[in-house]
Amino acid sequence: MRRFFLLLLMMNSLCCFSQTDEDDEPLLSPVILALDTTLSAANRFNDEVSKIAAGYSHAFTDRSRPKTVMQVYKTGENETLNIEYKVTTDGGDSEDTNGKPVVHFQKITGEVTLIAKIYNYIFNANIEPGQISAVSTVGTEISYKGQIHQLILEPDDYSPGYWSLIFIR
């Protein structure tokens with residue numbers, strides 16, 4: 001009987017690990033982003049997104065804020081898609097830019113159906129617009145081209161029914 005209790009006590013004192021260890025979860029990995037690229041490469045990203053945004057056409061480019069470029073797309077029904085980039089000239093993690101502005105912040109804002117399509121394209125996923133709140137996040141790490149970045153997916157504060165998809169280096 002003593003041996004049984006001793007065995008039970010020893011088993012209780014062993015270190016146990018959870019099956020849902022955080023390190024085991026794979027990071028989301030986007031297929032395409034404009035982070036760590038120049039503005040000309042970011043324009044190619046805009047071209048790819050505009051293929052998904054059927055019915056949207058380029059309305060204007062806003063460069064009124066320093067180191068920020070916003071591309072605005074609109075439909076005939078006045079729905080808006082904004083793609084905003086913030087750049088830095090320090091090079092950061094990207095060494096092949098030779099002092100050119102490099103995108104370190106990327107924000108895509110649009111109505112929920114369009115953001116779900118863009119999310120599906122970027123992450124090669126298959127979510128429906130009604131499921132977007134289930135994948136919303138305010139700071140998830142993602143892996144893109146061997147670098148860790150932050151993802152924020154949240155409802156837009158200013159426009160009901162619109163969502164923002166944000167990537168930060």
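Note that residues are indexed from 1 along each chain, following the sequence as it is written. In keeping with the model being predicted, local features are shown solely for residues with a pLDDT of at least 70 and side-chain atom pairs are shown and tallied solely at 80 or more, while totals for entire chains, interfaces and linings include all residues. Only heavy atoms go into the side-chain values, all of them from the structure, while hydrogens and water stay out.

Draft legend 1. Focus on the pairing of strand S5 (residues 137-144). A pair of strands is labelled paired if DSSP reports no fewer than 2 bridges between them. Runs of H or I in DSSP of at least four residues are treated as helices and runs of E of at least two as strands, each being numbered from the N terminus. Bridge count for S5 against strand S6 (residues 147-155) is seven bridges, and the pairing is antiparallel. The partner of Thr 140 across the bridge, within S6, is Leu 151. With antiparallel pairing between neighbouring strands as the criterion, S5 and S6 make up a hairpin whose turn holds two residues, including Lys 145 at a positive phi of roughly 50 degrees.

Draft legend 2. Representation of the packing of aromatic side chains within the structure. Pairing of aromatic rings covers Phe, Tyr and Trp, the last through its six-membered ring, and needs centres within 6.5 Å; plane angles under 30 degrees mean stacked, over 60 mean edge-to-face, and all others mean tilted. A complete count under the given rule lists two aromatic pairs for this structure. Measuring from ring centre to ring centre gives 4.8 Å for Tyr 119 and Phe 123, while their planes differ by 45 degrees; the resulting arrangement is tilted. Taken together, the positions of Tyr 119 and Phe 123, both in helix H3 (residues 112-123) and four residues apart, correspond to about one turn of that helix. Under the scheme applied here, a residue whose accessible area is under 20% of the maximum for its type counts as buried, over 50% as exposed, and between as partly exposed, the area being computed with a 1.4 Å probe on protein chains only. You can call Tyr 119 buried: its relative accessible area is 6%. Judged by centre distance (6.1 Å) and plane angle (40 degrees), the rings of Phe 123 and Phe 167 are tilted. In this pair, Phe 123 sits in helix H3 while Phe 167 sits in strand S7 (residues 162-168), placing the two residues 44 residues apart along the sequence. Feature note: the residues Tyr 119, Phe 123 and Phe 167 constitute an aromatic cluster, connected by ring pairs. Here the guanidinium or amino end of Lys 86 rests over the ring plane of Phe 105, the centre of that ring lying 4.8 Å away. Whether a charge sits over a ring comes down to the Lys NZ or Arg CZ being within 6 Å of the ring centre and within 35 degrees of the ring normal.

Draft legend 3. Layout of H3. Here the expected span of a helix is defined as 1.5 Å times the quantity of residues minus one. In this model, H3 (twelve residues) spans 16 Å end to end at C-alpha, consistent with the 16 Å of a helix rising 1.5 Å per residue. Along H3, the residues classified as buried are Leu 114, Ile 115, Ala 116, Ile 118, Tyr 119, Asn 120, Ile 122 and Phe 123. In the analysis that follows, any N or O atom pair within 3.5 Å is treated as a polar contact, provided that within protein one partner can donate a hydrogen and the other can accept it, and provided that, for residues neighboring in sequence, both atoms belong to side chains. Taking the backbone nitrogen of Thr 113 as reference, a side-chain oxygen 3.1 Å away marks Glu 111 as the first, capping residue of H3. Asn 124, located one to two residues past H3, shows a positive phi value of around 50 degrees.

Draft legend 4. Structural detail: the sheet that holds S5. Spatially, seven strands are ordered S1-S2-S3-S4-S7-S6-S5 in an open sheet, and the strand pairing comes out antiparallel. The two strands at the open ends of the sheet, each matched to only one other strand, are strand S1 (57-62) and S5. Between one strand axis and the next, the sheet turns through 20 degrees on average, direction left out of account. In this sheet, strand S4 (residues 102-111) lies alongside strand S3 (residues 80-88) in antiparallel orientation, the contact comprising seven bridges. Lines fitted to C-alpha atoms define the axes here, with helix axes fitted over just the stretch in contact, and angles between the N-to-C directions of these axes take values from 0 to 180 degrees.

Draft legend 5. Region of interest: the pairing of S7. Most of S7 sits inside the fold, with six of its seven residues counted as buried. Bridging between S4 and S7 involves seven bridges; their strand directions are antiparallel. Bridged to Ile 108 within S7 is Leu 165. By the bridge criterion, six bridges tie S6 to S7 in an arrangement that is antiparallel. Within S7, the position partnered with Pro 155 by the bridge is Trp 163. Connecting the antiparallel pair S6 and S7 is a turn made up of six residues, with Gly 161 showing a positive phi of about 90 degrees.

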